[in-house]
Amino acid sequence: MTYQGKWALVTGASAGLGATFAKSLAAKGANLVLTARRVDRLEALARELEGKHRISVKTIAADLAKPSAPADIAAVLHTSDIEIDILINNAGYGLPGGYTESDWTAHRDFLEVMVTSYAQLTRAFLPGMLKRGFGRIIQVSSVAGLVPGSAGHTMYGASKAFLVSFAQSLAAECDGKGVNVSALCPGFTYSEFHDANDTRGLVSQLPKYMFMQAEPVIEGALDAVERGHVVYVPGAWNKFTVWLMKALPRPWAAAMVKKQSQKFRQRNG
Ligand SMILES: NC(=O)c1ccc[n+]([C@@H]2O[C@H](COP(=O)([O-])OP(=O)(O)OC[C@H]3O[C@@H](n4cnc5c(N)ncnc54)[C@H](OP(=O)(O)O)[C@@H]3O)[C@@H](O)[C@H]2O)c1
């Protein structure tokens, strides 16, 4: 697949899956708009990709916890005459601990980044895609969005379940209009995610087979959206986990997740 001449917007492009999306899309010929808070990292990635591929890259510093951020991004792109053909809603993080261990401000920011920004950026760029008859949208969800909720990281699974359902509805609405929408549902993937929320020590005790490198996750996701695959789970272990959780009676699956997540939290102290 070539995306020569198309423009892709990647949120959370300063690290992990977002930076890997940027590299892969650049290799496929797409021009890029990269956004995150750490603009120095975005600039370094932009220079690298412009030097390596014959593409244009624009960077936008934005904190998606701010309710004005998605509209600000859309306004900058409108002023620059850039029309987004590929939207990768990816920015995210985890808020460890039980629900009452974080104050409401932290939860409100979390919902802005993990839910509202995804919905608002999609609302901003989908009409143009439909008008032009071409669009690709990936909502970066998680295996956590497909299995029962866990103890701790209370709204993480809920936010990711929203994205699965959101992608399914959008895909149904866009069917036959040239716009493909997918939810990417990775399991543990090597990135800065667990450093950012200080759980690296804990997750490094998990068996290696539970982890994937970012590159195959992203290549699989881009292939899935091209094929019109709406919910994409990368990797054999993650596929097995999702299959098992769906095959088991719901109360059994919920009890299993509850027990494992409580054990995990106890080990965390
Ligand atoms: N890694 C995993 O195991 C895993 C598994 C399933 C799903 N996911 C999902 O994959 C996505 C990417 O995570 P990752 O693993 O690549 O983590 P990561 O390496 O920590 O990258 C997270 C990205 O999100 C950006 N971000 C965080 N808060 C932001 C904010 N308030 N405003 C704007 N940007 C913000 C960060 O940029 P700045 O800090 O520069 O703003 C960074 O670029 C997330 O949605 C995550 O939930 C990850």
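So, here's what we can say about the structure.

1. Notes on the environment of K28
The residue K28 is located in the loop between α1 (16-27) and β2 (31-36) in this model. Along the backbone, K28 and K6 are 22 residues apart, and their C-alpha atoms lie at a distance of 9.9 Å. If near-sequence neighbours (up to four positions away) are discounted, K28 is found in contact with M1, T2, Y3, Q4, E219 and L222.

2. Brief notes about the pattern of salt bridges
Per the counting criterion, the structure on display carries 11 salt bridges. When the shortest N-O distance is used, the salt bridge between D85 and R132 registers 3.4 Å. Of the two residues, D85 is situated in the loop between α3 (69-79) and β4 (86-89) and R132 in helix α4 (residues 104-132); the sequence distance between them amounts to 47 residues. Note on D85: relative accessible area 8%, which makes it buried. A salt bridge links D195 to R200, with the nearest nitrogen and oxygen atoms 2.9 Å apart.

3. Structural notes on the packing of aromatic side chains
Within the structure shown, the criterion is met by 8 aromatic pairs. Consider the rings of Y156 and F193, whose centres lie 5.8 Å apart with planes at 65°: the pair is edge-to-face. Here the residue Y156 occupies a position in helix α5 (residues 154-174), and F193 occupies one in helix α6 (residues 193-196), the gap between them amounting to 37 residues. Each ring, one from Y190 and one from F211, has its centre 5.1 Å from the other, and the planes form 25°; the classification is stacked. Taken together, the positions of Y190 in the loop between β6 (179-184) and α6 and F211 in the loop between α7 (200-203) and α8 (214-227) put the pair 21 residues apart, joining distant regions of the chain. A residue is classified by how much of its surface remains accessible, and F211, at 12% relative accessible area, is buried. An aromatic cluster of at least three residues, connected via ring pairs, comprises Y209, W237, F240 and W243. The ring centre of F134 lies 4.2 Å from the NZ or CZ of K6, which sits over that ring.

4. Quick look at the side chain of T122
On the secondary structure map, T122 appears in helix α4. Among all residues touching T122, those that are not within four sequence positions of it are L87, N89, P127, I137, Q139, F166 and L170.

5. Quick notes on the packing of α1 against α8
Two elements in contact, α1 and α8, have axes whose closest approach is 9 Å; the angle formed by their N-to-C orientations is 60°. On the basis of the axis angle, α1 is oblique to α8. By crossing handedness, the relation of α1 to α8 is classed as right-handed. Contacts between α1 and α8 involve L17, T20, F21, S24 and L25 from the former and A214, E215, V217, I218, E219, A221 and L222 from the latter. Residue composition of the contact of α1 with α8, grouped by class: 8 nonpolar, 2 polar and 2 charged.

The rules behind the values
- Residues numbered from 1 in each chain as written.
- Predicted model: local features only at pLDDT ≥ 70, side-chain atom pairs only at ≥ 80, totals over all residues.
- Heavy atoms only, no water.
- Helix = DSSP H or I, 4+ residues; strand = E, 2+ residues; numbered from the N terminus.
- Contact = heavy atoms within 4.5 Å.
- Salt bridge = Lys/Arg side-chain N within 4 Å of Asp/Glu carboxyl O.
- Buried < 20%, exposed > 50% of the residue type's maximum accessible area, 1.4 Å probe, protein only.
- Phe/Tyr/Trp six-rings, centres within 6.5 Å; stacked < 30°, edge-to-face > 60°.
- Lys NZ or Arg CZ within 6 Å of the ring centre and 35° of its normal.
- Axes fitted to C-alpha atoms, helices over the stretch in contact; angles between N-to-C directions.
- Parallel < 35°, antiparallel > 145°, perpendicular 65-115°, else oblique.
- Left-handed = near helix turned anticlockwise from the far one by under 90°.
- Nonpolar A, V, L, I, M, F, W, Y, C, P; charged D, E, K, R; others polar.

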